[in-house]
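Descriptive structure summary
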Amino acid sequence: MSQPLLAFGWMSLPMLGWLAAAAAPLLIHLWSRRKYRETSWAAMEYLLAAMRQQSRRLLLEQWLLLAIRTLVIVLVVTAVAEPYFQRAGLAFSPGGHTHRVLVFDGSYSMAFKPADKSRFERAKELARQIVADSPQGDAFTLVLMAATPRVIVGTAALDGGAIVEEIDGLALPHDGANLPAAIPAIHKLIDNVAAENPRLDQHEVFFLTDLQRRTWAPDLGEEAHAEFLRQTDELAQKATLVVIDLGQPSVENLAITDLRATDAVIATGRDTRFEVRMQSFGPRSHDGKMPPEGGTTNGNFDRQRVELLVDGRRIGETESAISADGRATAAFSYRFDAPGDHAIEARAPGDALDIDNHRYLAASARGSIRALCINGRTSGGSFGGAADYLALALVPQGKSGGAATIQAEVAPENAILERGLSAYDCVFLCNVAQFTASEARAIDAYLQGGGSLVIFLGDQVRADRYNQELGGTGQGGAGQGRGVSILPATIGQLDDKPQFRLDPLGCRHPILAAFRGRGLNSLLTTPVFKHYRLDIPRDSTAQTVLKLGNGDPLMIEQQVHRGRVVLVATSVETSWTALPLWPSFVPLVQELTLWCAAGQSACKNVTVGDSLDCLLAVPAGAASPDVQTPDGRRRSAQVRTVGDAVEFNYADTWQSGIYTVQPGQPAGRGQLFAVNVDTVESDLAAIGPEELQTDVWPGIPFLHQTTWQDLDATAAAVGAAHGRNRLHVNLLYAALGLLLFETFLGWKMGRE
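Quick summary incoming for the structure in this document. For clarity, every value in this text was computed on a predicted model and none was experimentally measured. (Residues numbered from 1 in each chain as written. Predicted model: local features only at pLDDT ≥ 70, side-chain atom pairs only at ≥ 80, totals over all residues. Heavy atoms only, no water.)

1. Digging into the pattern of salt bridges
Tallying each qualifying case throughout the model produces 35 salt bridges. Between D168 and R128 there is a salt bridge; the shortest N-O distance is 2.7 Å. Of this pair, D168 sits in helix α5 (residues 160–168) while R128 sits in helix α4 (residues 119–133), and the two are 40 residues apart along the sequence. Judged by its relative accessible area of 42%, D168 falls in the partly exposed class. D626 is the partner of R634 in a salt bridge, and the nearest nitrogen-oxygen pair spans 3.0 Å. Members of the salt-bridge network, linked through shared partners, are D116, K117, R122 and E125. (Salt bridge = Lys/Arg side-chain N within 4 Å of Asp/Glu carboxyl O. Helix = DSSP H or I, 4+ residues; strand = E, 2+ residues; numbered from the N terminus. Buried < 20%, exposed > 50% of the residue type's maximum accessible area, 1.4 Å probe, protein only.)

2. Let's talk about the environment of K547
Within the secondary structure, K547 is located in strand β24 (residues 543–548). Judged by its relative accessible area of 27%, K547 is partly exposed. For the pair K547 and R501, spaced 46 residues apart in the sequence, the C-alpha separation amounts to 9.0 Å.

3. Considerations on the sheet that holds strand β5 (residues 139–145)
Overall, mixed pairing links the six strands, which are arranged β6-β5-β4-β7-β8-β35 in an open sheet. Only two strands of the sheet have a single partner each, and these edge strands are β6 (150–157) and β35 (703–706). Taken over all neighbouring pairs, the strand axes of this sheet differ in orientation by 15 degrees on average, direction set aside. Looking at chain direction, strand β4 (residues 99–105) and β5 are connected through seven bridges and run parallel. (Pairing = 2+ DSSP bridges. Axes fitted to C-alpha atoms, helices over the stretch in contact; angles between N-to-C directions.)

4. Quick word on the pairing of strand β14 (residues 327–335)
With burial as the criterion, only one face of β14 is covered, namely that bearing A328, A330, F332 and Y334; the residues R327, T329, A331, S333 and R335 on the opposite face remain uncovered. As paired strands, strand β11 (residues 271–281) and β14 are joined by nine bridges and run antiparallel to one another. Note on β14: the bridge partner recorded for V276 is A330.

The following block contains the structure:
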């Protein structure tokens, strides 16, 4: 049943002035009557007598011709004025004078491909058909609803071919979609189009989407949800909302959720173990014989093939059993013979969503880890210096095996400026008294390059100078008149009350991972005779690794720039703590060093949407560095000079895969970055139109269409729903018909 007629109007109201032309036939008739004088003539009396018998019929014929000619003029003028009518739900405007916003769901779930085409390809196909079926004069804009919504075409496009080209060139990001952020962007777009094009007073918004639950039912707070509903309601008052549902119910999907090396630092010449973790989403139901790792033999399982590639070459393949909504892990082993960056890729092919069947890792293989120990108090005797115990723990005598070889050097305080800190993976400051502004800037630049810093305090330390020069409050530092801000906590008063027990906080931090289940007792019972109290700012991102028995932080870490900073409240000498003599000291120092060195690789593995940042040593005369994307394109990026290096930033990481940063010419070895999808998007659960109406958009009018089963039929229905009103065309046809009819009547009457 058709909906009730709500409105009737005109697209070109000034054209109605031409209705005055409808009086032309009447004026011509009256003028013709005044043009002649009547004169009595005897012979005509006989003719007039005969004609009086048919006068009524002739009068009717003349009035009919006059009415037809007048009506023809009225129809032509009315058609040119382009009338329109509006029904509840959709506005119909003749001649295509409607602004249509095509909103593409940009979440990577739209890459799901159950047949010959993906959901995103179907959306593009339908959008092209909507453009083709729209009358000439329709205007279009284009929006990609991604994590950060992007207006692709923001000016109303009247050229259908141009908008189709934009649709064809649209690429699907490997990211999520943000509906609450898209609504105000669409609202602003419609306002701008309406202001620039007054004739486009009808607006329609088409959401081409799979109605994935994560996108369409986001977890918003009460205030944010209320604002979302308010903005959507305002949009619905200005435009008709049409949801084109391209999803399918009860779909399954498998994703690789993690790829990692079990060793914090990958060493050359030793086998490295890689773990590939997978998760199944949806109603999988496959009979198998092997349960997933750690699972039981109850339920249904599927055998999933997994491959591992190193630098594009497949080095292993295995199968893992995974249940419905279950998890599984596959393990591989590989030995790197040469140091440098390597691209690691895990594949689990076989399902309809290929994007999350890949996981990437940019791994740096090292021949050794270089550590520099700055000795704040030198001594001529054995173990009298502040860094002596530390240096021995880093390179213990008789040590064999292990994850990586550590090379430790001990140097006095002047090495901070005289040596190039960038040559070391980790720098230890052991009981250094204070720092100059130049030394603080050198340390800050080292952290910007991705180096790591470990600070042990002691009796030489001047806490106020630390807080000024390294805590961001001093003058003459690197921060435009302020000291550099690299301390994860403010150094407070000295506490000389001995503590005889440590709290490892459940060994949750990776630095303490080696103590989980073994060697923990020796760590717990470590005596600490003196320590500084550390005050962590309330809004800080610093994490406490170890605490003393009284609750004071003993070890705190925080990421600073691209590096890591670890602050230890006590010294690394036996006068302040027995830790250097305890069995837990060597593994603690070793794990601390490996964790710091691994930080340089951590910044090379990011999520889609995160920017790539690094420092490159560019030779003199070399061109600006650029980046090679996973699809082989080369792109420029933002660069700035930092000392002898170039700081590189590239933000357009919408595609997952391996990115290579090339230092320019003359050619040098590039740095690899891995960009991975956020697998929370891998759950393809969708919402239905009922839930959309009751929970997402309660009380907000919209139309729901489904086009997956019969795209052509539904597109025709959508075209009808557009109300491609041909009223003006029909009026012209009617005028043409009346002209033909008037000609026929004139001929017929002339013969009688």
